[in-house]
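Listed below are the residues making up each chain.
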Number of protein chains: 2
Amino acid sequence: MISKNKIKAIRMLSLKKHRYESSLFIAEGHKTVNELLRCFECDFIAATEKWDRPDYISENTDIQCVTENELKQISLLESPQDVLAVFKMKKLSVSDIDFRGKLTIALDGVQDAGNLGTIIRIADWFAVENVVCSQGTVDVYNPKTVQASMGSLAHVNVVYTDLPVFLKGIDSTIHKYATTLDGENIYTTKLNENAIIVMGNEGNGISPEVKAVCDKSLLIPKILNDRFSAESLNVGVATALISAEFRRQLNFR
Amino acid sequence: MISKNKIKAIRMLSLKKHRYESSLFIAEGHKTVNELLRCFECDFIAATEKWDRPDYISENTDIQCVTENELKQISLLESPQDVLAVFKMKKLSVSDIDFRGKLTIALDGVQDAGNLGTIIRIADWFAVENVVCSQGTVDVYNPKTVQASMGSLAHVNVVYTDLPVFLKGIDSTIHKYATTLDGENIYTTKLNENAIIVMGNEGNGISPEVKAVCDKSLLIPKILNDRFSAESLNVGVATALISAEFRRQLNFR
């Protein structure tokens, strides 16, 4: 049996304030939990008998076997997925990372938790080690972000910083590309891997302060004719298209 | 004032059963409503004074001016966006469409309403006129799909059919590409525009029956190394990457 107080303490982690007070966050489901167990310190696990417990789990891990009904009381999901874990956050900052010679994604005010999770999953797919977020970007430990990242949070560093200051101060050999609706066509621009790709907010795009410190604007072209008129792409989709084009030019040919 | 019965009747349209009994569906927000007004017959509009009423709206449209509080009672969104409209569905079937010589997206059991909406938005961006869905694919008139498509439902035909039968019966000159995790690299395969790109279910991919009637499997490559290990991409993201590569090879160079 899990105590009511324990259930309450776990569910409180749905709120950012409580997450940062305790430096803890929630992850749910086989794929996500088992992947995060590889590289996040685990504080607590509640799991039903159906959970595929990985053999690399630490012996000291506090694991409580629960019924499906008990898990329902703890879980933040509509359909709980056999396991819920509480992990310790990683405290990493931009000064811990060497950005030279590699591809980085920077996010200027991405608001939707699911979009951030999708972007982390994309970063993992295209081997983008670091995602640098503006202070106004949604919290990476938001449960919806953790779920949408499908375990990729285990492989990608996500750090928060004052984005204009960071971009202004960074090694000047690193290319800073702003993704916009009026830049150079990504498919006809020679892209450089020593780069930071900046993606903007869902509704407003990249802020003027951030755009001002980028070297070049990039555009994902669309087919123009009378019939079609999508005005924009989802920020996760746009991040995937840009990342893919860097990798296609540099690695996939 | 909108009557309680009217409010109830509108909110019932959140259920598929009621949508198909009445052939009506809901759309909300300036962008989506104003775009759908161009090409769907409108049954009813509830709007606050903040709505940007387009000048191309039919004079006979039943428009009711409501307060923000009234709109909250009708709306399915957490934050209503000034306007909610009820539209008549379009009844279109695969036999109404000529698929030759163009790019088509086919969906084999896509379950998530948001993913379908995202895919329609992507189709619009990359000028894919037709999206053919298996009977097991989520309903295109699901309010979450309509919202996620951001008005692109106005430009893209979405039809439902028995997908294996449709693919088996189609003109044999049309290429049928299955998107899988073990096909040919899209970036090194010469792609043909006279084609149907098949995308599978979120968890299980493409069904064996559908795969059996495709000519070729395509793969979105990823960077392989020890650190990164995303196992899959979101189906919306994968659709965008495949569509973009067709357009890059055929139109963007």
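Can you help me understand the interface of chain B and chain A in this one?
Interfaces are often described in size by the accessible area the parts lose on coming together. Taken residue by residue, the interface counts 40 residues in chain B and 40 residues in chain A. Between chain B and chain A lies a buried interface of about 3800 Å² when both sides are counted; carbon and sulfur atoms form 66% of it. Our count for the contact surface shared by chain B and chain A stands at zero salt bridges. Taken together, the connections running from chain B to chain A amount to seven residue pairs in polar contact (both at pLDDT 80 or more). The element best represented in the side of chain B that touches chain A is helix α9 (residues 235–252) of chain B, accounting for nine residues. Looking at the side of chain B that touches chain A residue by residue, the classes come out as 19 nonpolar, ten polar and eleven charged.

Just checking my understanding: could you explain the pattern of salt bridges for this structure?
Side chains that differ in charge, positive against negative, can pair when their charged atoms come close. Within the structure shown, the criterion is met by 22 salt bridges over all chains. E35 of chain B is the partner of K31 of chain B in a salt bridge, and the nearest nitrogen-oxygen pair spans 3.8 Å. Of this pair, K31 of chain B and E35 of chain B both sit in helix α3 (residues 30–36), four residues apart, which is roughly one turn of that helix. The class of K31 of chain B is partly exposed, set by a relative accessible area of 25%. On the basis of relative accessibility, which here comes to 9%, the residue E35 of chain B falls in the buried class. Between R100 of chain B and D98 of chain B there is a salt bridge; the shortest N-O distance is 3.1 Å. Of the residues examined, D98 of chain B reaches a relative accessible area of 39% and is grouped as partly exposed. The network of salt bridges with common partners includes K31, E35 and R38 of chain A.

I would appreciate a short explanation of the packing of aromatic side chains in the present structure.
Geometry of an aromatic ring pair is reported as the spacing of the ring centres plus the angle between the planes. In this structure the tally under the stated criterion is twelve aromatic pairs over all chains. Taken together, a centroid distance of 4.5 Å and an interplanar angle of 35° make the contact between F25 of chain A and Y141 of chain A tilted. Pair noted here: F25 of chain A is in strand β1 (residues 24–28) and Y141 of chain A is in the loop between β6 (130–134) and α6 (143–148), with a separation of 116 residues, a long-range link. Residue F25 of chain A shares its accessibility class with Y141 of chain A, and that shared class is buried. Members of the aromatic cluster, joined through ring pairs, are F25, F40, F87 and Y141 of chain A. The ring of Y20 of chain B is capped by K16 of chain B, whose NZ or CZ atom sits 6.0 Å from the centre of that ring.

What exactly am I supposed to notice about the packing of helix α5 (residues 113–125) of chain A against helix α9 (residues 235–252) of chain A here?
All names here are of chain A. Their axes nearest at 8 Å, the elements α5 and α9 cross at an angle of 15°. With respect to their mutual orientation, α5 and α9 come out roughly parallel. Here α5 runs over α9; the crossing is right-handed. Contacts between α5 and α9 involve N115, T118, I119 and I122 from the former and V235, G236, T239, A240 and S243 from the latter. Residue composition of the contact of α5 with α9, grouped by class: four nonpolar, five polar and no charged.

What counts and what doesn't
Residues numbered from 1 in each chain as written. Chains lettered and ligands numbered in written order. Predicted model: local features only at pLDDT ≥ 70, side-chain atom pairs only at ≥ 80, totals over all residues. Heavy atoms only, no water. Contact = heavy atoms within 4.5 Å. Buried area = accessible area lost by both parts, 1.4 Å probe. Salt bridge = Lys/Arg side-chain N within 4 Å of Asp/Glu carboxyl O. Polar contact = N/O pair within 3.5 Å; in protein donor to acceptor, adjacent residues only side chain to side chain. Helix = DSSP H or I, 4+ residues; strand = E, 2+ residues; numbered from the N terminus. Nonpolar A, V, L, I, M, F, W, Y, C, P; charged D, E, K, R; others polar. Buried < 20%, exposed > 50% of the residue type's maximum accessible area, 1.4 Å probe, protein only. Phe/Tyr/Trp six-rings, centres within 6.5 Å; stacked < 30°, edge-to-face > 60°. Lys NZ or Arg CZ within 6 Å of the ring centre and 35° of its normal. Axes fitted to C-alpha atoms, helices over the stretch in contact; angles between N-to-C directions. Parallel < 35°, antiparallel > 145°, perpendicular 65-115°, else oblique. Left-handed = near helix turned anticlockwise from the far one by under 90°.

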